[in-house]
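# Inside the fold
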Amino acid sequence: MTLLARLRDIVGPAQVLSNGDLSAWELDWRRRWRGKALAVVRPGSTEEVAAVVRVCAACGTAIVPQGGNTGLVGGGVPDASGTQVLLSLQRMHRVREIDTANLTLTADAGCVLQAVQEAARAQGLLFPLSLAAEGSCTLGGNLATNAGGTQVLRWGNARDLCLGLEVVTAQGEVWSGLSGLRKDNTGYDLRDLFVGSEGTLGIITAATMKLAPLPAATTTALAACATLADCVALLGLARQRLGAGLTGFEAMGRFALDLVVRHFPALPNPLPAAPWTVLLEQSDTEGEAQARERFEALLGAALEAGIVSDAVVAESLAQSQALWHVRESIPLAQAEEGVNIKHDISVPVSRIPAFVDETDAALQRHLPGIRLVNFGHLGDGNLHYNVQAPAGVDGRRFLDEQEHAVNRIVFDAVAACGGSFSAEHGIGALKRDELAARKSPVALKLMRGIKAALDPQGLLNPGRML
Ligand code: FAD
Ligand code: ZN
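Now for a description of the structure that goes with this document. For clarity, every value in this text was computed on a predicted model and none was experimentally measured.

This next bit is on the site of ligand 1. Inspection of the region around ligand 1 gives 35 residues, with P65, G67, T70, G71 and T138 positioned closest. The backbone of N69 places a nitrogen or oxygen atom 2.9 Å from an oxygen atom of ligand 1. In this structure, an oxygen atom belonging to ligand 1 sits 2.7 Å away from a main-chain N or O atom of G71. Surface burial for ligand 1 is 96%, taken as the share of its 970 Å² of free accessible area covered by protein chains. Those elements giving two or more residues to the shell around ligand 1 turn out to be β3 (63–66), α5 (139–144) and β10 (202–210).

Below, the structure is given as structure tokens:
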């Protein structure tokens, strides 16, 4: 029997797609990588995933796991060879259990992030992981990339929220590690090995995640700052005054907001344009009035200290959501403007102002007129330091001709600040050479050793990451 026939036996003929338009699975979100799959296989259960992996392993066929296909580094689409099986987890989207006393939720890997958030909210609980792709990215993809997003400042990234995993190994065995335990020191932490492994060590089929009580009120404010150093000073002040109530701190450079105004003119734009605009979010266990009062006191102090030139506090939940919508529209506005060179770097917060000043200047020297779409999770020291072609220059040509040189300038500056060239999106196909060049030889040897131990045939997402 051929491989495709055996796969059809396992998941049913309708769930093995090998003809027609498969671009929903073969083309990535950024439209940078278009692969060709031997077949798209859509199992409906963990047992089916395991059986698919066993059959592929027996034939030596490579497998690329995929969730919502929103990854930004080309890690979740097949290569162009037409020999890889694209294993989509999309049909596995059941919330298996919510334990309200243990504050945990267990769900299939293919559950869309927003559905996980909604299931928790229906029980009066919060699942804090939040990112602009939440309407289509999946829990499994979030864990495989150790996604960050806008609430990391308070709740940590996907890894910090994960208590247990169920994983199908490269040999097609099932590791059931769905514990809801906060404490468990029984040997190597296998969970943390799979989180952030980008589909190269195993296939995540389910996870147990931490929940928290829903806050009584969530309030948002915008503040205008003249410099990034002022933004960092505001962060310090907000931490001091709001403590754990500070749940979001996003900075947006002027050009990034200009793009939103240009491409989505219907969105609110309540402050006059400033070099930097900060979105602050406060979540409060008391109530909205108290939260607003604390915000107003904080912003009053910041205005008085000259850190902030203008500020506005959202009057309602709808207004808060609208302000978040502006922040989350930046990646889309950028995509409307044309392709660009994306970076998701992190450096210690204290070094961000100098990093940005010096790197902006170095890039302008390299290519006068270059435009910086700079925004991101300043509270985590993580910026989306994206580089757009000078006005009038074709984006695709700019990408082809400049990506290498621009990356070198940016990543050398990141390294000089003790930072990371990938704070959120991972390595995938895009940054594999960067990893090989920039990670220490000892770290690379350990990583390759782990890969060889868990996937000796090299069948899981080959050519990605390592
Ligand atoms: P996919 O794109 O399908 O896959 C991503 C990687 O994980 C691939 O290597 C794939 O092989 C692997 N994978 C997927 N599912 C599994 C599984 N079940 N088992 C093993 N491996 C698997 N990221 C952030 O960290 N923070 C952000 O703020 C953020 N914002 C974003 C905003 C937008 C508009 C977009 C498009 C993306 C953003 N991202 C962000 C990128 C982020 O990595 C993804 O949105 C998300 O975490 C990936 O989930 P997915 O289900 O789409 O995974
Ligand atoms: Zn981000």
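Now for the sheet that holds strand β15 (residues 310–313). Strand order in the open sheet formed by seven strands is β15-β12-β14-β13-β17-β18-β16, with antiparallel pairing between adjacent strands. Strands with a single pairing partner mark the edges of an open sheet, and in this sheet they are β15 and β16 (345–346). Of the strand pairs in this sheet, strand β17 (residues 371–377) and strand β18 (residues 382–388) are connected by seven bridges, and their pairing is antiparallel. Each bridged residue has a counterpart across the sheet, and for R371 the counterpart in β18 is Q388.

With that out of the way, let us pick up the pairing of β18. Across the seven residues that make up β18, a large majority, seven, are buried. Residue alternation in β18 divides its side chains into two sets, N382, H384, N386 and Q388 and L383, Y385 and V387, and both sets are buried. Counting the residues that bridge the hairpin from β17 to β18 gives four residues, and of these G381 lies at a positive phi of roughly 70°.

Quick look at the packing of aromatic side chains now. One pass over the full model with this rule turns up three aromatic pairs. We note R154 situated over the ring of W155; from NZ or CZ to the ring centre the distance is 4.0 Å.

The subject of this paragraph is the coordination of the zinc ion (ligand 2). Taken together, H377 (NE2), H384 (NE2) and E424 (OE) make up the full set of protein donors to the zinc ion (ligand 2), lying 2.1 to 2.2 Å away. Each of the four donor atoms bound to the zinc ion (ligand 2) contributes to angles spanning 96 to 152°, and the resulting shape is irregular. Read in sequence order, the donor residues coordinating the zinc ion (ligand 2) give the pattern H-x6-H-x39-E. Taken together, the residues span a long stretch of sequence, with H384 in strand β18 and E424 in the loop between α15 (395–416) and α16 (432–438) at a distance of 40 residues. Residue H384 is classed as buried on the basis of its relative accessible area of 6%. A relative accessible area of 11% means that E424 is categorised as buried.

Cut-offs applied
- Residues numbered from 1 in each chain as written.
- Chains lettered and ligands numbered in written order.
- Predicted model: local features only at pLDDT ≥ 70, side-chain atom pairs only at ≥ 80, totals over all residues.
- Heavy atoms only, no water.
- Near = heavy atom within 4 Å.
- Polar contact = N/O pair within 3.5 Å; in protein donor to acceptor, adjacent residues only side chain to side chain.
- Areas by Shrake-Rupley, 256 points an atom, 1.4 Å probe, with all protein chains shown as cover.
- Helix = DSSP H or I, 4+ residues; strand = E, 2+ residues; numbered from the N terminus.
- Pairing = 2+ DSSP bridges.
- Buried < 20%, exposed > 50% of the residue type's maximum accessible area, 1.4 Å probe, protein only.
- Phe/Tyr/Trp six-rings, centres within 6.5 Å; stacked < 30°, edge-to-face > 60°.
- Lys NZ or Arg CZ within 6 Å of the ring centre and 35° of its normal.
- Donors = N, O, S within 2.8 Å, 3.2 Å for Na, K, Ca; no water.
- Tetrahedral: all angles 85-135°; square planar, octahedral: opposite > 155°, others 65-115°.

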